[in-house]
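Remarks on the overall topology
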Amino acid sequence: GLVTTIVFVLVMLAMFINPIEPKTSAEFDRATSSLNVLTLAKLTLAAAATGLGGIAVLLSPRTRQLLGSLPGIGLLALAGLFCATSLFAIESNAMISRASAMIFVGYLLFTAMALATLGPRKLLAAIVAGTSMYMLVTWGLFVLVPEMGTFEEYISATETVRRMGGTGHPNNIAKTAIAIVLVGVAMYLGRTDTLISIGVRGPWQRLVLIAIMILAAATVVATLSRTAMLAGMAAGGILLIDRLYGRGGLALGIIGIASAATLVLAISLVTGEGPFSESAVSAVTKSGDVEELTSLTGRTTIWEEAISFIVKRPLTGYGMDSAASVMSREATGTHNLLLHVTFSAGVVACLVMVLMLGWSLVFGATSSYEWIRTVLTYVLVSGLVEDTIIESFPTTLTVLWMAALLAPALASRPKP
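Residues numbered from 1 in each chain as written. Predicted model: local features only at pLDDT ≥ 70, side-chain atom pairs only at ≥ 80, totals over all residues. Heavy atoms only, no water.

A count of helices and strands for the protein gives 16 helices and two strands. For the protein, buried positions account for 52% of its 416 residues. Looking at the protein alone, contacts between residues at least 24 apart form 73% of all its contacts between residues at least 6 apart. Roughly 17900 Å² of accessible area belongs to the protein as shown, and the carbon and sulfur atoms make up 71% of that amount. (Helix = DSSP H or I, 4+ residues; strand = E, 2+ residues; numbered from the N terminus. Buried < 20%, exposed > 50% of the residue type's maximum accessible area, 1.4 Å probe, protein only. Contact = heavy atoms within 4.5 Å. Areas by Shrake-Rupley, 256 points an atom, 1.4 Å probe, with all protein chains shown as cover.)

Orientation of helix α12 (residues 299-310) relative to helix α14 (residues 337-364), taken along the N-to-C sense of each, is 30°, at an axis distance of 10 Å. As judged from the angle between their axes, α12 and α14 are roughly parallel. Judged by the twist between their axes, the crossing of α12 over α14 is left-handed. Along the contact surface, α12 presents Trp303, Ala306, Ile307, Phe309 and Ile310, while α14 presents Leu339, Thr342 and Phe343. Residues belonging to the contact of α12 with α14 are distributed by class as follows: seven nonpolar, one polar and no charged. (Axes fitted to C-alpha atoms, helices over the stretch in contact; angles between N-to-C directions. Parallel < 35°, antiparallel > 145°, perpendicular 65-115°, else oblique. Left-handed = near helix turned anticlockwise from the far one by under 90°. Nonpolar A, V, L, I, M, F, W, Y, C, P; charged D, E, K, R; others polar.)

What follows covers α12. For α12, built from 12 residues, the straight-helix expectation of 16 Å at 1.5 Å per residue is met to within 8% by its first-to-last C-alpha distance of 16 Å. Buried within α12 are the following residues: Arg299, Thr300, Ile302, Trp303, Glu305, Ala306, Phe309 and Ile310. (Expected span 1.5 Å × (residues − 1).)

A word on a nonpolar patch on the surface. Among the surface-exposed residues, Trp204, Leu207, Ile210 and Ile214 lie close enough to one another that they form a single nonpolar patch of about 470 Å² accessible area. Within the element layout of this structure, Trp204 appears in helix α8 (residues 203-223). (Patch = residues over 30% accessible without salt bridge, like charges linked within 9 Å, V, L, I, M, F, W, Y side chains within 5 Å. Salt bridge = Lys/Arg side-chain N within 4 Å of Asp/Glu carboxyl O.)

So, about the packing of aromatic side chains. How two aromatic rings sit relative to each other is set out by the distance from centre to centre and by the angle between their planes. Throughout the structure, instances matching the rule amount to seven aromatic pairs. With 5.7 Å between their ring centres and 80° between their planes, Trp139 and Phe142 make a pair best called edge-to-face. Here Phe142 and Trp139 lie together in helix α5 (residues 94-144), a separation of three residues that amounts to about one turn. When its relative accessible area of 24% is taken as the criterion, Phe142 is described as partly exposed. Through pairs of rings, three or more aromatic residues link up here, namely Phe309, Tyr318 and Phe343. (Phe/Tyr/Trp six-rings, centres within 6.5 Å; stacked < 30°, edge-to-face > 60°.)

What follows concerns unusual backbone geometry. Of note, Leu224 is a non-glycine position whose phi angle comes to about 55°, a positive value. Along the polypeptide, Leu224 turns up in the loop between α8 and α9 (226-271). With a phi angle near 55°, His335 is a residue other than glycine that sits in the positive phi range. As for its placement among the helices and strands, His335 is situated in the loop between α13 (323-326) and α14. Relative accessible area serves as the criterion here: at 15%, His335 is assigned to the buried category.

Before going further, it helps to spend a moment on the environment of Val326. Of note, Val326 is situated in helix α13. When the C-alpha atoms of Val326 and Ile90 are compared, they prove to be 8.9 Å apart, with 236 residues separating the residues in sequence. Beyond its immediate stretch of four places on either side in the chain, Val326 contacts Ile90, Phe309, Tyr318 and Phe343.

Along its 23 residues, helix α2 (residues 37-59) runs 33 Å from first to last C-alpha, staying within 8% of the 33 Å computed at 1.5 Å per residue. All of the buried residues in α2 are Thr39, Lys42, Leu45, Ala46, Ala49, Gly53 and Ala56.

One finds Leu78, Trp371 and Trp401 to be the most contacted residues of the largest nonpolar core, which totals 95 residues. In terms of residue count, the dominant contributor to this core is α5 (20 residues). Beyond its immediate sequence surroundings of up to four residues, Trp401 is in contact with Leu75, Leu78, Met353, Met356, Ser360, Val375, Leu376, Val379 and Ile389. Judged by nonpolar contacts, the second largest core, of 13 residues, contains Ile90, Ile302, Ala323 and Val385. (Core = buried A, V, L, I, M, F, W, Y, C linked by side-chain atoms within 4.5 Å.)

To continue, consider the side chain of Thr377. Structurally, Thr377 can be placed in helix α15 (residues 370-382). Only 2.7 Å separates the side chain of Thr377 from the backbone oxygen of Arg373, close enough to count as a polar contact. Contacts of Thr377, omitting those with residues within four sequence positions, involve Ala234, Ala235, Ile238 and Ala365. (Polar contact = N/O pair within 3.5 Å; in protein donor to acceptor, adjacent residues only side chain to side chain.)

With that settled, the discussion passes to the packing of helix α7 (residues 170-189) against helix α16 (residues 396-406). Closest axis-to-axis distance for the α7/α16 pair is 9 Å, and the angle between their directions is 45°. Classified by the angle their axes make, α7 and α16 are oblique. Residues Thr176, Ala179, Ile180 and Val183 of α7 lie in contact with α16, whose contacting residues are Thr396, Leu397 and Leu400. Looking at side-chain class alone, the contact of α7 with α16 contains five nonpolar, two polar and no charged residues.

Turning our attention to the confidence of the model for the protein. The predicted structure's coordinates, where accompanied by low pLDDT, should not be read in detail. Looking at the protein, pLDDT values average 84 and 81% of them are 70 or higher. When the criterion is pLDDT under 50, residues 274-295 qualifies, and its contacts beyond four places in sequence or with other chains add up to 37 contacts. (pLDDT = per-residue confidence, 0-100.)

Another aspect to go through is the environment of Ser69. Counting through the fold element by element, Ser69 comes out in the loop between α3 (61-67) and α4 (70-86). Separated by 337 residues in sequence, Ser69 and Leu406 place their C-alpha atoms 7.3 Å apart. The residues touching Ser69, leaving out its near neighbours within four places in the chain, are Leu406 and Ala409. Among the polar contacts made by the side chain of Ser69, one reaches the main-chain carbonyl oxygen of Leu66 at a distance of 2.6 Å.

Okay, structure coming up:
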């Protein structure tokens, strides 16, 4: 019907426009710092999404069922804390923080409404379609207008690396592209027999899906984002592992990946050397310097800085989208999901987020649905070294994360 079409198009447009944040170098310019045409377009989409989500809460029992599930209550609590603490946001950023908090609420309601209206398969198809448009624009700039589409990153005083940019920071482009690779594989291999299934079987649909996955994989390579690649490999393993070994193997895989990551991290941080040969170092670093790995490309310094700020305002944080204003210019963010939430909204919000990530690990990474497993695992692994989700204007991975948490409640939804 008409409502279904409107919701599908709105999801697609949000996934196309929300991630766009013109960027050609590490000199940071916040997307919300000026009211340009792009920001107005994002605000218009947010208003439409919030309006539809609000109406659905009033009129749709299915939407209320999703938001009333345990993960739904957790997400609403997080949204409420973002709004409450935004009242105490730092003055220079207060309007942006309050707007960001309300936009998060709006997209949460809208994601629940879209799941209830479209079902997971159509919702993910809209997300994939919109994100594909975003990637095509990114490639257009990168290939046709390289001065606008290339991100110059200094790796030393004299050397720069050219990465795909233009429509955002390379790491943000990469995390969006990886999400599409993972969801694409889940749609290609996934089940078709239940309400939460997203599998596609039509030959033309599958052909389009393969083309989109190739585009997304090429995008990841062009961004040179190692964090996205490593998190994507972990999430890809969790996506496929039960096909190889069953549910027992799935649990072992999660434990193995977590143990290996913890061991590497511990050795690197304690010894300052890490278990890396010189040849391996030059292959996986941009500068060939081992310190780039042992400091996780400078993240350990950024985390120390973020914690030093959090200690000064532990209860309220600084407001959403405030890290770029408060922290040093080189940081541009906390580069850790829990620090990101704590910096934005204080320690209570951090505790709620810990519960949400715990739910993601226990129920998400062991779900029988590939797409839920892979999305939640990707957020968990990527969140160790990136802000990953919860931006001023929610992008692909934030909406997928909400959908993956809420979707299981559809299985016990009331009759329309």
